[in-house]
Amino acid sequence: MKRTEIKVALQSEDFAQEMNVKGWVRTKRSSKNVAFIALNDGSTIHNLQLVVDLDQIPEEALSLMHTGAAISAIGLLVPSAGSGQRVELSVRSIELLGEANPDEYPLQPKKHSLEFLREKAHLRFRTNTFGAVSRIRHAMIFAIHKFFNDRGFYNVHAPIITASDAEGAGEMFQVTTLKLDQIPLNEEMEIDYKQDFFGKHTNLTVSGQLEAELAALALSKVYTFGPTFRAENSNTSRHLAEFWMIEPEVAFYDIHDDMDLAEDMLKYLIRYALDHCADDLAFLSKRLEEEEKNKKAEEKSMELISKLNFVLEHPFERITYTSAIEILKNSNHNKKGKFAYPIEDWGADLQSEHERYLVEKHFKKPVILTDYPKKIKAFYMKQNEDGMTVRAMDVLFPGIGEIIGGSQREEVYDKLLQRMHEMNIPVESMWWYLETRKFGSVPHAGFGLGFERLMLFVTGMGNIRDVIPFPRTPLNCEF
Ligand code: 4AD
Ligand code: MG
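Just so it is clear, the structure is predicted and the values come from calculations on it, not from any experiment.

1. Side note on the domain arrangement of the protein
- By the assigned domains, the protein splits into domain 1 (6-107) and domain 2 (126-171 + 206-466).
- Inter-centroid distance (C-alpha atoms) of domain 1 to domain 2 is 44 Å.
- With 10 residues of domain 1 at the interface, the matching set in domain 2 holds eight residues.
- The junction of domain 1 with domain 2 conceals about 740 Å² of combined surface from both sides, 47% of it contributed by carbon and sulfur atoms.
- Together, R26, I45 and L107 form the three largest contributors to the area buried by domain 1 at its contact with domain 2, with a combined 62%.
- The tally of links from domain 1 across to domain 2 stands at zero salt bridges.
- Counting across the interface, domain 1 meets domain 2 through six residue pairs in polar contact (both at pLDDT 80 or more).
- Partitioning the side of domain 1 that touches domain 2 into residue classes produces four nonpolar, five polar and one charged.

Rendered as structure tokens:
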């Protein structure tokens, strides 16, 4: 008999046909002549209740069906007598597929802490929370491709191994096949990368942007969606060493078009989650409320679904970095010394506490900051006439801070070259990037959305380690 997914069974009206369900036991309880098994197969957050008549099936047949065991059951779907579910399965036959010894299986039918579950990342998919996060993650991946496809963008695979540093920040993981205990040296007594696999120094990419720019200057509208790697030693709830980034790049776009695209995309994705992930969001909303039960009212975050709707209903505030610095400098928060990094002068890089102040306390909605000082931004950004700022745009979100970083790009060859020299970007090895500014160069713009930052926002989860299946952070690469 073909397996029926639990999601389908729970919606079925077919009370005449027998069906076969398979999954993992969440709980089992028995009384004198009946046993109830809550079964989950990951197709939905909801369990199917299996009802076993112990006069028909001896209790010993169920004896190994503990929490975590895999089972298969055949029976008739019937309207449920109990509360809490519309239908249940009246079991005719039941089979153990894989046991889970209760003395060893680490997941109990109770709430575990997220920290504990991180150490059990191989099993945490089986919890309600990670099931919900995993399904939403999939829905968001799908919606991103749909958003771009519907708008005529082409997906481009940027390379993962590269010889360039797209952000010029030097936070890269090196890729090499050289033996670390026998490193070859050249005549200058420097490491001889000519003997390395690619004949040069190579890294894991920090961004697919440079390659996306090459493609955009022919295909007009492109996007990448791939893994990116940063060897920054930041152990925060918002940083991963390996994360996924979505990077659209569009020819003939200026910074305003770029901001419009970013706002449209974020709103589209949030709406998609509300429309397609209602059950999982409802569960996560309850979970969050539970978690914040003991917080003071003013420290509680907005209810998850209201928060998502709130973002949809308001245009994002768009202001320049210079105005933001004025707001921050003059804020009571700053004057009372409540920022860990007090704002004194124009030119300071904004910390996440400043970004969140602007979003959560001052404007109370998402903010797009533009026209940052050139010295705190990457070499490729379009330089403004003032000689001080560049056409950067960062989208800041409540609870997160920066969710998107982007800009209009410098398309003028001489200006780009000069900036690369000023910032010590190796010009020779990036000849291919510079050539696009020689041959048919046009204004263009793009941005990068950190996929896990989006996931943090949409799921309401507090730690980025809990929205990616296998997080990579400093000193953590177990699974
Ligand atoms: O601001 P970033 O560094 O921008 C770029 O990489 C550009 N090349 C993007 C572009 O214009 N095409 O990174 C973009 C986004 C950030 O806004 C943040 O959401 C996310 O990537 N991000 C991280 N997410 C998780 N862990 C990290 N360590 C991250 N670093 C950046
Ligand atoms: Mg950034």
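2. Looking at the packing of aromatic side chains
- Using the criterion set out here, one finds 18 aromatic pairs in the structure.
- With 6.5 Å between their ring centres and 45° between their planes, F142 and Y272 make a pair best called tilted. Within this pair, whereas F142 is found in helix α3 (residues 128-150), its partner Y272 is found in helix α5 (residues 255-276), the two being separated by 130 residues in sequence.
- With relative accessibility at 44%, the residue F142 sits in the partly exposed group.

3. Describing the nonpolar core
- In this structure, M140, V395, F397 and L449 are the most contacted members of the largest nonpolar core, which totals 64 residues.
- In terms of residues, this core owes the most to one element, α5, which gives 11 residues.
- When residues of this core are assigned to domains, at least three fall in each of domain 1 (6-107) and domain 2 (126-171 + 206-466).
- I319, F363, V367 and M420 belong to the second largest nonpolar core, which has 33 residues in total.

4. Points about the pattern of salt bridges
- As enumerated under the stated definition, the model contains 24 salt bridges in all.
- A salt bridge links R318 to E263, with the shortest nitrogen-to-oxygen separation between them at 3.2 Å. One end of the pair, R318, is in strand β12 (residues 317-320); the other, E263, is in helix α5, with 55 residues separating them in the sequence.
- The class of E263 is buried, set by a relative accessible area of 9%.
- Note that E410 is salt-bridged to K382, the shortest N-O span being 3.3 Å. Of this pair, E410 sits in the loop between β15 (401-408) and α11 (413-422) while K382 sits in the loop between β13 (367-373) and β14 (389-397), placing them 28 residues apart in sequence. Each member of the pair E410 and K382 is classed as buried.

5. Quick word on the side chain of K377
- Note on placement: K377 falls in the loop between β13 and β14.
- With residues up to four places along the chain from it excluded, the contact list for K377 reads Y372, V390, A392, D394 and M423.

6. Some words on the sheet that holds β14
- Within the open sheet, the eight strands sit side by side as β6-β10-β11-β16-β15-β14-β13-β12. Their pairing is mixed. In this open sheet, the two strands that pair with only one neighbour each are β6 (154-155) and β12.
- Direction of pairing for β15 relative to strand β16 (residues 444-450): antiparallel, over a ladder of five bridges. When the sheet's bridge partners are listed, Q408 is paired in β16 with A445.
- α5 rests against β11 (242-251), β12, β13, β14, β15 and β16 of the sheet, and its axis sits at about 15° to β14.
- Each of β12 and β13 touches helix α8 (residues 321-330); the most contacted strand, β12, lies at about 90° to it.

7. A look at the site of ligand 1
- In the vicinity of ligand 1 there are 24 residues, among which E167, Q209, E247, E402 and I403 approach most closely.
- One of the side-chain nitrogen or oxygen atoms of E402 is found 2.6 Å away from an oxygen atom of ligand 1.
- I403 is positioned such that a nitrogen or oxygen atom in its backbone is 2.8 Å from an oxygen atom of ligand 1.
- Taken together, the elements giving at least two residues each to the shell around ligand 1 come down to β11, β15 and β16.
- Sort the elements by how many residues they give to the shell around ligand 1 and β15 lands first, with five residues.

8. Concerning the sheet that holds strand β9 (residues 202-204)
- With respect to topology, three strands assemble into an open sheet ordered β7-β9-β8, the strand pairing being antiparallel. Single-partner strands in this sheet number two, and they are β7 (161-162) and β8 (174-175).
- Where β8 and β9 come together, two bridges link them in antiparallel fashion. Following the sheet pairing, V175 is matched in β9 by T202.

9. As for the packing of α3 against helix α13 (residues 451-459)
- At their nearest, the axes of α3 and α13 sit 11 Å apart, and the two run at 120° to each other. If you check the angle between α3 and α13, you find them oblique. Of the two possible hands of crossing, α3 and α13 adopt the one that is right-handed. Here α3 contributes V133, I136, R137, M140, I141 and I144 to the contact with α13, which in turn contributes F451, E452, L454, M455, V458 and T459.
- Its residues assigned to classes, the contact of α3 with α13 comprises nine nonpolar, one polar and two charged.

The rules behind the values
- Residues numbered from 1 in each chain as written.
- Chains lettered and ligands numbered in written order.
- Predicted model: local features only at pLDDT ≥ 70, side-chain atom pairs only at ≥ 80, totals over all residues.
- Heavy atoms only, no water.
- Domains from an automatic or database assignment.
- Contact = heavy atoms within 4.5 Å.
- Buried area = accessible area lost by both parts, 1.4 Å probe.
- Salt bridge = Lys/Arg side-chain N within 4 Å of Asp/Glu carboxyl O.
- Polar contact = N/O pair within 3.5 Å; in protein donor to acceptor, adjacent residues only side chain to side chain.
- Nonpolar A, V, L, I, M, F, W, Y, C, P; charged D, E, K, R; others polar.
- Phe/Tyr/Trp six-rings, centres within 6.5 Å; stacked < 30°, edge-to-face > 60°.
- Helix = DSSP H or I, 4+ residues; strand = E, 2+ residues; numbered from the N terminus.
- Buried < 20%, exposed > 50% of the residue type's maximum accessible area, 1.4 Å probe, protein only.
- Core = buried A, V, L, I, M, F, W, Y, C linked by side-chain atoms within 4.5 Å.
- Pairing = 2+ DSSP bridges.
- Axes fitted to C-alpha atoms, helices over the stretch in contact; angles between N-to-C directions.
- Near = heavy atom within 4 Å.
- Parallel < 35°, antiparallel > 145°, perpendicular 65-115°, else oblique.
- Left-handed = near helix turned anticlockwise from the far one by under 90°.

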